[in-house]
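Reading the structure
Residues per chain are reported as follows:
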Amino acid sequence: AADKISLIPQDFFAELCEQIIQHLNHKIPGVNTVELCRRLQTSGIEISVGELAKITNAVSFLFSTAARNNLSTEDLVTTLGSAGSTLPKHAVQVIRHVWNEQSKSVSVSEDVGNMATVGQFVDMKWKLGVAVSSDTCRSLKYPYVTVTLNVADPSGQITDKTFEMTIPQFKNFFRQFKEMAAVLETV
Amino acid sequence: MAALREGEFAALRGLLKAPSKEAVRQLCQDCFSSPPAGLGPLAQRACPAIAASPEEAAQLVAALHSLTRHVVYRGLTRAEDVLALFPEDFHQNLKNLLTKIILENVSTWRNEAQASQISLPRLVDMDWRVDIKTSSDTINRMAVPTCLLQLKIQEDAALCGNSPVVSALTVELSKETLDTMLEGLGRIRDQLSAVANK
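Residues numbered from 1 in each chain as written. Chains lettered and ligands numbered in written order. Predicted model: local features only at pLDDT ≥ 70, side-chain atom pairs only at ≥ 80, totals over all residues. Heavy atoms only, no water.

A few words on the overall build of chain A. A count of helices and strands for chain A gives seven helices and three strands. The order of α-helices and β-strands along chain A, N terminus first, is α-α-α-α-α-α-β-β-β-α. Against the 2.2 N^0.38 benchmark of 16 Å for 187 residues, chain A shows a C-alpha radius of gyration of 21 Å, more extended than a compact globule. Overall size of chain A, expressed as C-alpha extent along the three principal axes, is 65 × 50 × 20 Å. Here chain A holds 187 residues, and 42% of them are scored as buried. Relative to all contacts within chain A whose residues are 6 or more apart in sequence, the contacts with residues 24 or more apart total 55%. About 9600 Å² of surface is accessible on chain A, with carbon and sulfur atoms providing 53% of the total. (Helix = DSSP H or I, 4+ residues; strand = E, 2+ residues; numbered from the N terminus. Rg over C-alpha atoms; globule rule 2.2 N^0.38 Å. Buried < 20%, exposed > 50% of the residue type's maximum accessible area, 1.4 Å probe, protein only. Contact = heavy atoms within 4.5 Å. Areas by Shrake-Rupley, 256 points an atom, 1.4 Å probe, with all protein chains shown as cover.)

Encoded structure:
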């Protein structure tokens, strides 16, 4: 992962580190690697989501370990150096700066939400559409609902899943959620 | 726009050699449902039943496919409209039989076409469960209700052909996130009512 870090410009890397810290502080549900990757690719940097995810995991692990062991900024930088990793200078600078500012606020206590081995629901976006024509039917009035779910996976990275439902499916979907809510009320 | 070219209607006359009306009906259904790429194999299977040469079978199957798809594309539902597609001198009984079969099936076929048109991945199933977290290695006692939801999503049918890929998405929701979801779904329901009333 170290050699890929050198591809990331300093300001993007700083933003990534900020998001990681905010995730560790439970201020945000996860790190938006997909979106960051898209922006990196748009500015001409060749990096895949998988590679960025590995980097995110590594840096997250670094910060959370440092928090658990109460490392000072100097200790952290020394550890980085002695671990034999060949991090580019600008990355080390960012890590030093971020840790200096934020280390006190990183709490390592587990909160209830982190125990999951499944993704955590973050947000839902939706769209209601009507298809008017297709290559198979010239004249249609076919309503459908499109939904995008943002989910933070256990490692804290946010991915999204988009799918379509027919109206009867949507009605069933809604009904099931109301049932879930009703059950949650009673337990 | 004519439904079929001249020669294609001629090819349909091969149906006169079909063993029964039921066989014609089945062939119509198979020809509609088959994608263009599947017409070759379909023709080979149909060949012996209609005692046609491979070329005649291929032309017949292609013509039936075009005719049935055309009717669905144009949304024709009346007998007059379907009958009008045929040339003046077309075999009367065969024309009437085909029109009858087509009208019987057109609504099913339209649904089939809509179900397989291009779309984003579709939701095919959902399962859920409510759990209560009672303790963990860091918190001794708690009673936190939580929802586990599993959505089965099928990738675009048009891209997967006959073996669609279904992926499962498992998501945990807390009471708060469930309320967020419900709020969003409620707004969709309101919009649906507004659209339905127009």
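After that view of the structure, there is still more to cover.
Taken as a class, soluble globular proteins show a tendency for nonpolar side chains to be buried jointly. One finds Leu12(B), Leu15(B), Val24(B), Leu64(B), Leu67(B), Phe86(B) and Leu98(B) to be the most contacted residues of the largest nonpolar core, which totals 45 residues. Of all the secondary-structure elements, those providing two or more residues to this core are β2 (142-152) of chain A together with α1 (6-12), α2 (21-33), α3 (39-49), α4 (54-74) and α6 (92-115) of chain B. Setting aside residues no more than four positions away along its own chain, Leu12(B) makes contact with Leu4(B), Leu60(B), Ala63(B), Leu64(B), Leu67(B), Phe86(B), Phe90(B), Leu94(B) and Leu98(B). The next biggest cluster of nonpolar side chains, apart from the first, holds 31 residues, and it includes Leu149(A), Leu184(A), Met181(B) and Leu182(B). (Core = buried A, V, L, I, M, F, W, Y, C linked by side-chain atoms within 4.5 Å.)

All names here are of chain B. Mapping Thr99 onto the fold places it in helix α6. Classification of Thr99 as buried rests on a relative accessible area of 4%. Sequence-distant contacts of Thr99, that is, excluding residues within four places in its chain, are made with Ala79, Val82, Leu83 and Phe86.

Facing the 52 residues of chain B at the interface are 44 residues of chain A. Here chain B meets chain A over a buried area of about 4700 Å², counting both sides, of which 74% is carbon and sulfur. Linking chain B with chain A are two salt bridges. For the salt bridge of Glu185(A) with Lys175(B), the shortest nitrogen-to-oxygen distance reads 3.0 Å. Joining chain B to chain A, the criterion identifies 13 residue pairs in polar contact (both at pLDDT 80 or more). Those elements that provide at least two residues to the side of chain B that touches chain A are α4, α6, β1 (122-133), β2 (144-154), β3 (166-173) and α8 (175-196) of chain B. (Buried area = accessible area lost by both parts, 1.4 Å probe. Salt bridge = Lys/Arg side-chain N within 4 Å of Asp/Glu carboxyl O. Polar contact = N/O pair within 3.5 Å; in protein donor to acceptor, adjacent residues only side chain to side chain.)

Side-chain pairing between opposite charges can occur once the charged atoms of the two side chains come close. This model, assessed by the stated rule, comprises 17 salt bridges over all chains. Across the salt bridge formed by Glu74(A) and Arg96(A), the nearest N and O atoms sit 3.8 Å from each other. Placement of the pair is Glu74(A) in helix α5 (residues 73-82) and Arg96(A) in helix α6 (residues 89-102), with a sequence separation of 22 residues. Through salt bridges with shared partners, one network takes in Glu22(B), Arg25(B), Lys100(B) and Glu104(B).

Let us now look at the packing of α2(B) against α4(B). All names here are of chain B. Contact geometry of α2 with α4 gives a least axis separation of 8 Å together with a crossing angle of 75°. Put simply, α2 runs roughly perpendicular to α4. Within the contact between the two elements, α2 uses Leu27, Cys28, Cys31, Phe32 and Ser33 and α4 uses Leu60, Val61, Leu64, His65, Thr68, Arg69 and Val72. (Axes fitted to C-alpha atoms, helices over the stretch in contact; angles between N-to-C directions. Parallel < 35°, antiparallel > 145°, perpendicular 65-115°, else oblique.)

Looking now at α8(B). Count 3.6 residues to each turn of an α-helix, and residues three or four apart come out pointing the same way. Compared with an ideal rise of 1.5 Å per residue, which puts 22 residues at 32 Å, α8(B) spans 31 Å between its outermost C-alpha atoms and is within 8% of the ideal. Tucked inside the fold, the buried residues of α8(B) contact β1 (119-131), β2 and α7 (167-186) of chain A together with β2 and β3 of chain B. (Expected span 1.5 Å × (residues − 1).)

Note on placement: Gln114(B) falls in helix α6. The contacts of Gln114(B), once residues within four sequence positions are left out, are Leu140(A), Tyr142(A) and Arg122(B).

This part is about empty space enclosed by the protein. Any empty space left between the atoms is revealed when a probe the size of a water molecule rolls over them. Residues and elements named next belong to chain A. Using the criterion set out here, one finds one cavity of 30 Å³ or more in the structure. Estimates place the volume of the largest cavity at around 40 Å³. For the lining of the largest cavity, the secondary structure elements donating two or more residues are α2 (10-24) and α4 (49-68). The residue makeup of the lining of the largest cavity, split by class, is two nonpolar, six polar and no charged. (1 Å grid on protein atoms, 1.4 Å probe; cavity = no way out; pocket = protein on both sides within 12 Å on 5 of 7 lines; lining within 4 Å. Points joined across faces, edges and corners; volume = space filled by probe spheres on them. Nonpolar A, V, L, I, M, F, W, Y, C, P; charged D, E, K, R; others polar.)

Moving on to the pairing of β2(B). Residues and elements named next belong to chain B. Two elements, β1 and β2, share eleven bridges in a ladder whose sense is antiparallel. Its bridge partner lying in β2, Met126 is registered against Leu151. Relative to β3, β2 is paired through eight bridges, and the arrangement is antiparallel. Along β3, the bridge assignment pairs Gln154 with Val166. (Pairing = 2+ DSSP bridges.)

All right, on to α6(A) then. All names here are of chain A. With 14 residues, α6 ought to run about 20 Å at 1.5 Å a step, and its terminal C-alpha atoms sit 20 Å apart, in line with that. Every buried residue of α6 is listed here: Ala91, Val92, Val94, Ile95, Val98 and Trp99. Projected down its long axis, α6 carries its buried residues within an arc of 160°, all on one side. Seen from the buried face of α6, the exposed residues on the opposite side, beyond 90 degrees, are Lys89 and Glu101. (Arc of directions from axis to C-beta.)

This paragraph deals with the confidence of the model for chain B. Overall, the predicted model of chain B reaches an average pLDDT of 87, with 94% of residues at or above 70. Quick note on the complex model: pTM equals 0.72, ipTM equals 0.76. (pLDDT = per-residue confidence, 0-100.)

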